Each structure stands twice: as C-alpha cells, then as structure tokens.
Amino acid sequence: MLSVLLILTLFSLINCGESELGTNFNIPTSKGLSVIALKCIDVGGQYGILASLQNEGGETIFLTDTNWKCSSVQEEGWKLPGFEGSSDKWQSASKIADHGVTPWRYIAAISPNADWIWAVGAGERSTVYCRGVVKAPVAGAWSAWENWSECLKDCGTGTQTGTRTCTNPTPEYGGKECEGDSTETRECNTQECPVNGGWTDFGGWSECSKDCGTGTQTRTRTCTNPTPEHGGKECEGDSTQAQECNTQICPVNGGWTDFGGWSKCSKDCGTGTQTRTRSCTNPTPEHGGKECEGDSTETQECNTQICPVNGGWTDFGGWSKCSKKCGTGTQTGTRSCTNPTPEHGGKDCEGLHTGTQSCNTQHCPSKIPCCFNTTIRRLDN
C-alpha cells in the first residue's frame with residue numbers, strides 16, 4: 001500500500017501526548033482521496049496534528065513536511081467552498097475532539113481536484129491554518145540487470161552474478177522502495193557438455209534355444225552408462241554376446257512303426273481272429289528317452305459271416321404196424337432233416353426221409369393136423 005505521512009505543526013497549542021482525535025472522516029473528492037484519520041501528537045515538545053489520507057485503491061497517502069505551510073492567519077485562497085470557518089460547517093464535515101480540559105475542533109478537507117489539502121485546528125485561544133500540496137507518491141523501480149560476472153563454467157550450466165539499482169525511478173514522496181534483491185545469480189553456458197558413452201554390465205543370459213543337443217543363448221549390454229550425448233563418443237565393441245548351451249545329447253523317445261499285415265484268420269467263418277504287430281523302432285528310444293506307449297499287437301475279428309450248416313437226419317421214428325405177426329414182416333418209419341436243419345447255404349440231407357425195416361422176424365408156429373395128438377416141440381427151445 002502506498003502511503004504519505006503528513007505532520008502539521010500547530011502553534012501555541014497545549015502538549016497532548018499521542019491520542020486519536022477522530023477516524024473515518026471519509027471526506028470524498030473528485031479524485032477519490034479521503035481524510036481517514038486525525039491524531040494529536042507531540043512533535044519536539046510542540047502540539048501537532050497527524051493527518052492520513054486514502055485513495056480509491058485503499059492506499060494510505062502521506063505528505064512531506066516541505067509541502068506544508070501553517071499560519072495563525074488564514075491566507076488568501078486557503079479555504080475551500082463551504083468551509084469559511086464556522087463551527088457548524090466544521091462539525092458537518094469532520095468530527096469534534098475534546099482533549100483534556102480544553103475542547104478542540106479539528107477539520108481537514110481536500111480540494112475538489114485533490115491537488116491540495118486544508119487542515120485547521122481551533123481552540124479557545126488560537127486557531128492554526130495549514131495547507132499542503134498533494135503530490136502522489138512515486139514508487140521505486142529496478143533498473144535493468146547489468147555488470148554480469150564471468151561464468152564459472154564453460155558448459156554444463158555455470159552461474160554468474162549481476163546487479164541492479166532502485167533508480168528507474170528512485171522512490172519519492174513516501175513511495176515504496178523496490179522489493180527484491182539488488183543482486184541476482186543466473187545460469188550461464190547452459191549448453192550441455194559432451195558425454196562419451198559407456199557400457200552397462202552385461203545382462204543375464206537369454207533362454208537357451210534348445211533344451212539339449214547344443215543350443216545358443218545371448219546376453220546384451222547397452223551404451224547407457226552413460227548414454228553418449230551432445231557430441232560425445234559412442235561405445236566401442238559389441239552390445240551382444242553369444243555362447244553354446246545345453247550341449248548334452250537329447251533323449252530320443254521311442255516311436256511306433258506302422259502296423260504290419262494281418263495274420264490269417266483263425267476261422268473261415270463264424271467270427272475268427274487275426275493279429276498284426278508293430279515295433280518301437282521309429283525311432284528306437286535312446287539316451288533316456290521314453291518307451292513307446294500302447295500295445296505292439298492289435299487283434300481284430302475276421303470272417304464274421306455265419307458258417308453254412310449241412311442238414312442231418314434224425315433217427316427214424318414213427319414206425320408203422322408190422323406187416324406180419326411173425327416170420328419177418330416189414331414196417332415203415334420216417335425221419336427229418338433237422339439234426340441239424342440245413343442253414344446259411346448248408347447242404348440238405350441226402351437220402352429218403354422214409355425207410356423200412358424188418359419186424360416180427362420170429363418164425364411162425366407150424367400148422368399141425370387136428371387129428372394127431374402129437375406134442376410139438378419148438379425148435380428154438
């Protein structure tokens with residue numbers, strides 16, 4: 001906040017110490033300046049007034065001693081319209097402060113153009129009139145940086161120091177001093193220095209290209225320790241290294257040959273069997289390789305068609321009554337071709353299904369005349 005301090009020395013006034021006479025006067029002007037406070041102070045044993053002004057930006061403004069003039073007589077042009085000195089006008093524009101046993105009135109006003117300020121202190125025995133020229137405070141500003149020192153490095157970022165002064169402009173009328181430092185260090189020769197490349201250590205070996213039978217594996221390194229930069233040299237040598245690995249002979253798992261031809265069927269019909277074989281020699285297992293899985297022999301049914309059945313005769317049966325009661329007669333019997341019945345193209349029975357045989361082959365008794373009483377002895381007895 002910019003500020004200007006105004007001290008008005010009033011004559012023939014009592015000593016008052018330091019105390020507030022009034023605040024928030026808020027006397028506006030066309031340029032936005034306001035009297036915001038009056039304070040009674042001691043200035044070298046003299047009674048005086050401290051006046052504070054404020055602009056629209058909220059900055060407090062102070063005036064220098066050389067811009068003020070005080071007199072017990074109000075000079076020509078030292079009053080503002082409406083402030084001819086009557087107490088009621090003062091009271092309407094400011095505040096009345098009673099200090100000690102003597103009532104005092106203080107008033108401060110600013111010209112319409114905000115180019116001068118008018119202040120009055122009045123007591124029972126004296127009145128002091130003061131007028132001051134309002135000059136805006138000038139804040140200090142830095143000059144450009146100059147007088148830079150030599151850089152401490154040729155590359156890779158060195159530093160150098162420069163100076164500046166608070167003279168662009170120089171602070172005046174209570175304006176702020178420059179903020180910041182009058183010296184500064186900055187980087188210089190920021191271009192990177194050349195960096196020659198360096199190899200990293202080799203990394204781990206890669207997986208072998210074969211599990212056995214001599215494969216290869218590699219490992220790599222990079223030119224990043226450090227990486228060549230800014231015109232530095234590349235690394236010399238190879239980034240990759242190779243070696244043999246898993247040099248042991250590989251196990252050979254056995255493999256079956258194709259099956260050979262089928263053997264002769266064990267039957268010509270009625271479902272027989274036949275076999276064929278293969279061998280574990282394609283390849284033969286070696287160096288710890290696995291034997292072939294499965295059977296070396298395969299069996300299948302063959303000649304599954306049903307065999308022909310030739311017919312066979314049953315025994316003769318169902319003989320007819322013998323043609324004679326004795327003396328060898330004949331009788332007829334039958335048989336069937338069902339033992340077995342011919343099937344599946346088998347041959348029928350050969351011969352007749354009927355046949356004859358002798359029966360009652362015993363001799364018939366001889367006929368004896370009725371007139372003889374002769375005992376007949378059977379010849380077969």
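Up top is the structure.
In this report, the structure presented in the accompanying data block is examined. Predicted model, so just to flag it, every value in this text is computed and none were measured.

**Observations regarding the overall build of the chain**
And step 1. Across its full length, the chain holds 1 helix and 18 strands.
And step 2. Looking at the 381 residues of the chain, the share that counts as buried comes to 30%.
And step 3. Contacts in the chain between residues at least 24 apart in sequence constitute 63% of all its contacts with a sequence separation of at least 6.
And step 4. Summed over its atoms, the accessible surface of the chain is roughly 24,400 Å², and 47% of this surface lies on carbon and sulfur atoms.

**Let's talk about the state of the cysteines**
And step 1. Overall, the coordinates contain 12 disulfides when judged by the stated rule.
And step 2. Disulfide pairing places Cys 166 opposite Cys 178 at an S-S distance of 2.0 Å. Across the disulfide from Cys 166 to Cys 178, rotation about the S-S bond amounts to roughly 85°, and the bridge is consequently right-handed. A residue pair is termed long-range when its members are at least 10 positions apart, and Cys 166 in the loop between strand E11 (158–163) and strand E12 (183–188) and Cys 178 in the loop between E11 and E12 qualify at 12 residues. Grouping residues by exposure puts Cys 166 and Cys 178 together as buried.
And step 3. Across the disulfide, Cys 269 is cross-linked to Cys 307 (sulfur-sulfur distance 1.6 Å). Of note, the bridge from Cys 269 to Cys 307 carries an S-S torsion of about 110° and is right-handed in sense. Linking Cys 269 in the loop between strand E14 (240–245) and strand E15 (272–277) with Cys 307 in the loop between strand E16 (297–302) and strand E17 (329–334), this pair joins segments that are 38 residues apart in sequence.
And step 4. A residue is classified by how much of its surface remains accessible, and Cys 307, at 26% relative accessible area, is partly exposed.

**Notes on the environment of Thr 257**
And step 1. Position of Thr 257 relative to the elements: it lies in the loop between E14 and E15.
And step 2. For Thr 257, a relative accessible area of 24% corresponds to the partly exposed category.
And step 3. Along the backbone, Thr 257 and Thr 277 are 20 residues apart, and their C-alpha atoms lie at a distance of 9.2 Å.
And step 4. Once residues lying within four places of it in the same chain are set aside, the contact partners of Thr 257 are Arg 278, Ser 279, Thr 281 and Asn 282.

**Things to note about the side chain of Arg 221**
And step 1. Within the secondary structure, Arg 221 is located in the loop between strand E13 (215–220) and E14.
And step 2. For the buried Arg 221, no salt bridge is present, and the opposite-charge side chain at shortest range is Asp 238, 6.8 Å distant.
And step 3. Engagement of the side chain of Arg 221 in a polar contact is seen with the backbone oxygen of Asp 238, the distance being 2.9 Å.
And step 4. In this structure, Arg 221 is in contact with Trp 199, Thr 200, Asp 201, Phe 202, Glu 236, Gly 237, Asp 238 and Ser 239, ignoring residues within four places of it in sequence.

**What about the packing of aromatic side chains?**
And step 1. Applying the stated criterion to the full structure yields 2 aromatic pairs.
And step 2. Ring geometry for Trp 145 and Trp 148: centres 6.1 Å apart, planes at 45°, overall tilted.
And step 3. Accessibility expressed as a relative area gives 26% for Trp 145, which makes it partly exposed.
And step 4. Summarising the aromatic geometry, the rings of Phe 316 and Trp 319 are spaced 5.8 Å apart at their centres and angled 40° between planes, so their arrangement reads as tilted.
And step 5. Note on Phe 316: relative accessible area 30%, which makes it partly exposed.
And step 6. Seen from the ring of Trp 199, Arg 221 lies directly overhead, with NZ or CZ sitting 4.1 Å from the centre.

**Things to note about the pattern of salt bridges**
Pairing is possible between side chains that carry opposite charge, provided their charged atoms lie close to one another.
And step 1. Evaluation of the coordinates by the stated rule reveals 1 salt bridge.
And step 2. Put simply, Glu 298 and Arg 276 hold a salt bridge, and the shortest N to O gap is 2.7 Å. Remark: Arg 276 occurs in strand E15 and Glu 298 occurs in strand E16; sequence separation between them is 22 residues.
And step 3. Overall, Arg 276 belongs to the partly exposed group, its relative accessible area being 23%.

Calculation rules
Residues numbered from 1 in each chain as written. Predicted model: local features only at pLDDT ≥ 70, side-chain atom pairs only at ≥ 80, totals over all residues. Heavy atoms only, no water. Helix = DSSP H or I, 4+ residues; strand = E, 2+ residues; numbered from the N terminus. Buried < 20%, exposed > 50% of the residue type's maximum accessible area, 1.4 Å probe, protein only. Contact = heavy atoms within 4.5 Å. Areas by Shrake-Rupley, 256 points an atom, 1.4 Å probe, with all protein chains shown as cover. Disulfide = S-S within 2.5 Å. Lys, Arg positive; Asp, Glu negative; His and termini not counted. Salt bridge = Lys/Arg side-chain N within 4 Å of Asp/Glu carboxyl O. Polar contact = N/O pair within 3.5 Å; in protein donor to acceptor, adjacent residues only side chain to side chain. Phe/Tyr/Trp six-rings, centres within 6.5 Å; stacked < 30°, edge-to-face > 60°. Lys NZ or Arg CZ within 6 Å of the ring centre and 35° of its normal.

That is the geometry; function is a separate question.
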